[in-house]
Amino acid sequence: MDVLLWITLLSGAAWLYLALAHGRFWLTGQRLAPRGTVRPPLDPARAPSVAVVVPARDEADVIGSALPTLLAQDYAGPARVILVDDGSTDGTGDLAKTFGTAPEARLPLTVTTPGPPPPGWTGKLWALRHGVEVATGGTAQGDEAPAAGAPDFLLFTDADIAHAPDSLTRLVDEAVYGPVSRRTHDRGRVGGPASADPHAAGRLTSSDPHAADRLAPADPHAADPLAEPDRSAPSAVVPGGLTGRHASASRDAADRDAVAPALDFVSVMARLRVETGWERVIVPAFVYFFAKLFPFARVNNPRARTAAAAGGCVLVGREALARAGGIEAIRDAVIDDVTLGTAVKRSGGRIRLVLADSPTMSGAHEAPGAGPFHVDSVRPYPRLADLWRMVSRSAFAQLRHSWLLLAGTVFGLALVYLAAPVALVTGAVAGDWLLVAAGGATWLLMTVTYVPMIRYYGRPFYEALLLPFAASLYLGMTVDSAIQHARGRGAAWKGRTYPAPARDDADARPNPR
């Protein structure tokens, strides 16, 4: 009993550190500026141009819920959507074309095919590289001069991610103006809704006081920059094949170069489904563990080395991508989102990682069958096997294919998440109330840190008690990932299997400094 007591006390000490000194990873307040934030509207003549690149492989079952939401984006500047059909056998590309001609589509759609990936490339990154080349004429792979009509930003988003109509506008606003101060809009409280003060949004201001000046209208006699922009104007085709909602959006490269965004890279962690029993157990824990591994506050701190991204939604500046070496620099990365975020940050880029908005945290309510609230995954995971495969395919890659790191991870998971419930049950059976107290206090502490994520997903707070159970499942998934790798079936996804890269992802990232 004495040994178990000391192990439990060590686990409790670990939780004190995690709760108080690990980047506040368990809070859920890292978001885009809330809807209604008062900011100078982007001048349509200078609004950054965006190319949305969607890699898709055998996504016919979900693309109908995702692609139309991208084509329906209400964005003032020029934008287009490029779907890269990565060797689909289920008619994904042909189905996508039908959405491009729908009357609801506001943005033009290009469907293209890159051909099979060459050795040393993952399929998704080969598709992204092709999409970037279509959008930029090859400029984001390291060329010095942008091609005519090359976009200012590239939005990489998956084929199973649905976007609210204002998603693109909010992403670009965040990149241009930077994050806002949330002193009057604390959404990181446990179950805390948005401020009820109707004037709170007006007090939220950009952290960059010069952002508005950089994008001020060129006309000194222009209207009040705080006036509501006219969004009723018809669409107009502008150079480069991009579509904007204002005819004045056709501006030359010199105008576009005047845009100096506050951020080079903005990534939104999509809100995953929690409709089935297993999704409710696994999904909140998945995001919680990710945030613990990459605390968002540290990712967003330019002075911290921590970097990450969520691959379902990444907005990156064309020039920042080029400085990071382009997609080619991370061509063999299985965990491509984290690797890309790290490459951009290490090359001097300013990055930001946030959670998607959740109606349960904003006081709103979703009607059944309603469209996406912000950035939502539409892919279902009805069975434990589906979720197991989602996690295990890349878990060992996250450990850099190191058996030593695997052993440390297994030990750490058992110590941090399983010691407390074992101590509580063992102490209760043996009548050792000191052990019961130590186990109960440690379990309570870990539960408290999990409540914000549980509430973010709209689940009752008592489900946070299931964190040790979820952790035990993740432990099994991680071990299974290593076993599958040893059998030559590691990192398998949609008919492709990727071995460990010749170089660690960290070594493959460029660092020009």
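Keep in mind that what you see is a predicted model, and the values were worked out from it rather than measured.

Participant: So what about the overall build of the protein? Which residues, and what values?
Facilitator: When its secondary structure is counted, the protein shows 18 helices and 13 strands. With 513 residues in all, the protein has 54% of them scored as buried. The contacts in the protein between residues at least 6 apart in sequence include a share of 81% that link residues at least 24 apart. With the model as given, the accessible surface of the protein reaches about 21,500 Å², and the carbon-plus-sulfur share is 59%.

Participant: Break down the environment of Ala13 for me, citing the residues and quoting the values.
Facilitator: One can find Ala13 in helix α1 (residues 2-21). As a C-alpha pair, Ala13 and Val416 span 403 residues in sequence and 9.4 Å in three-dimensional space.

Participant: Break down helix α3 (residues 92-100) for me, with residues and values.
Facilitator: All of the buried residues in α3 are Thr92, Gly93, Ala96 and Phe99. Around the axis of α3, the buried residues are gathered within 110 degrees of arc, so they sit on the same side. On its buried face, α3 is in contact with β1 (50-56), α2 (63-71), β2 (79-85) and β3 (109-112).

Participant: Quick rundown of the packing of α2 against α3? Include the residues and the values.
Facilitator: Interaxial distance between α2 and α3 falls to 10 Å at its minimum, and their mutual angle equals 40 degrees. Taken together, α2 and α3 sit at an angle that is classed as oblique. Here the hand of the crossing between α2 and α3 comes out right-handed. Facing Ile63, Gly64, Leu67, Pro68 and Leu71 of α2, the residues of α3 in contact are Thr92, Leu95, Ala96, Phe99 and Gly100.

Participant: So what's going on with empty space enclosed by the protein? Which residues, and what values?
Facilitator: Using the criterion set out here, one finds four cavities of 30 Å³ or more in the structure. Roughly 80 Å³ of volume is contained in the largest cavity. Looking at the largest cavity, the residues that line it are Lys124, Leu125, Leu128, Phe156, Phe265, Ala309, Gly311, Val314, Ile330, Asp336, Asp337 and Leu340. Put simply, the parts of the chain that give the lining of the largest cavity at least two residues each are α4 (123-136) and α12 (336-346). A class-by-class count of the residues in the lining of the largest cavity yields eight nonpolar, one polar and three charged.

Participant: Before we move on, can you summarise unusual backbone geometry with the specific residues and values?
Facilitator: Notably, Asp58 is not glycine yet its phi reads approximately 50 degrees, a positive angle. Position of Asp58 among the secondary structure elements: in the loop between β1 and α2. Taking the relative accessible area as the measure of exposure, Asp58 reaches 24% and is therefore partly exposed.

Participant: Please set out the nonpolar core residue by residue, giving values where relevant.
Facilitator: Counting 116 residues, the largest nonpolar core has Trp15, Val50, Leu67, Leu154, Phe156, Tyr288 and Tyr417 as its most contacted members. By residue number, the principal contributor to this core is helix α9 (residues 277-293), which donates nine residues. Discounting residues that sit within four places of it in the chain, Leu67 has contacts with Val81, Leu83, Ala96, Phe99 and Leu109. Membership of the second largest hydrophobic core comes to five residues, among which are Leu4, Leu5, Leu435 and Ala438.

Scoring rules and cut-offs
- Residues numbered from 1 in each chain as written.
- Predicted model: local features only at pLDDT ≥ 70, side-chain atom pairs only at ≥ 80, totals over all residues.
- Heavy atoms only, no water.
- Helix = DSSP H or I, 4+ residues; strand = E, 2+ residues; numbered from the N terminus.
- Buried < 20%, exposed > 50% of the residue type's maximum accessible area, 1.4 Å probe, protein only.
- Contact = heavy atoms within 4.5 Å.
- Areas by Shrake-Rupley, 256 points an atom, 1.4 Å probe, with all protein chains shown as cover.
- Arc of directions from axis to C-beta.
- Axes fitted to C-alpha atoms, helices over the stretch in contact; angles between N-to-C directions.
- Parallel < 35°, antiparallel > 145°, perpendicular 65-115°, else oblique.
- Left-handed = near helix turned anticlockwise from the far one by under 90°.
- 1 Å grid on protein atoms, 1.4 Å probe; cavity = no way out; pocket = protein on both sides within 12 Å on 5 of 7 lines; lining within 4 Å.
- Points joined across faces, edges and corners; volume = space filled by probe spheres on them.
- Nonpolar A, V, L, I, M, F, W, Y, C, P; charged D, E, K, R; others polar.
- Core = buried A, V, L, I, M, F, W, Y, C linked by side-chain atoms within 4.5 Å.

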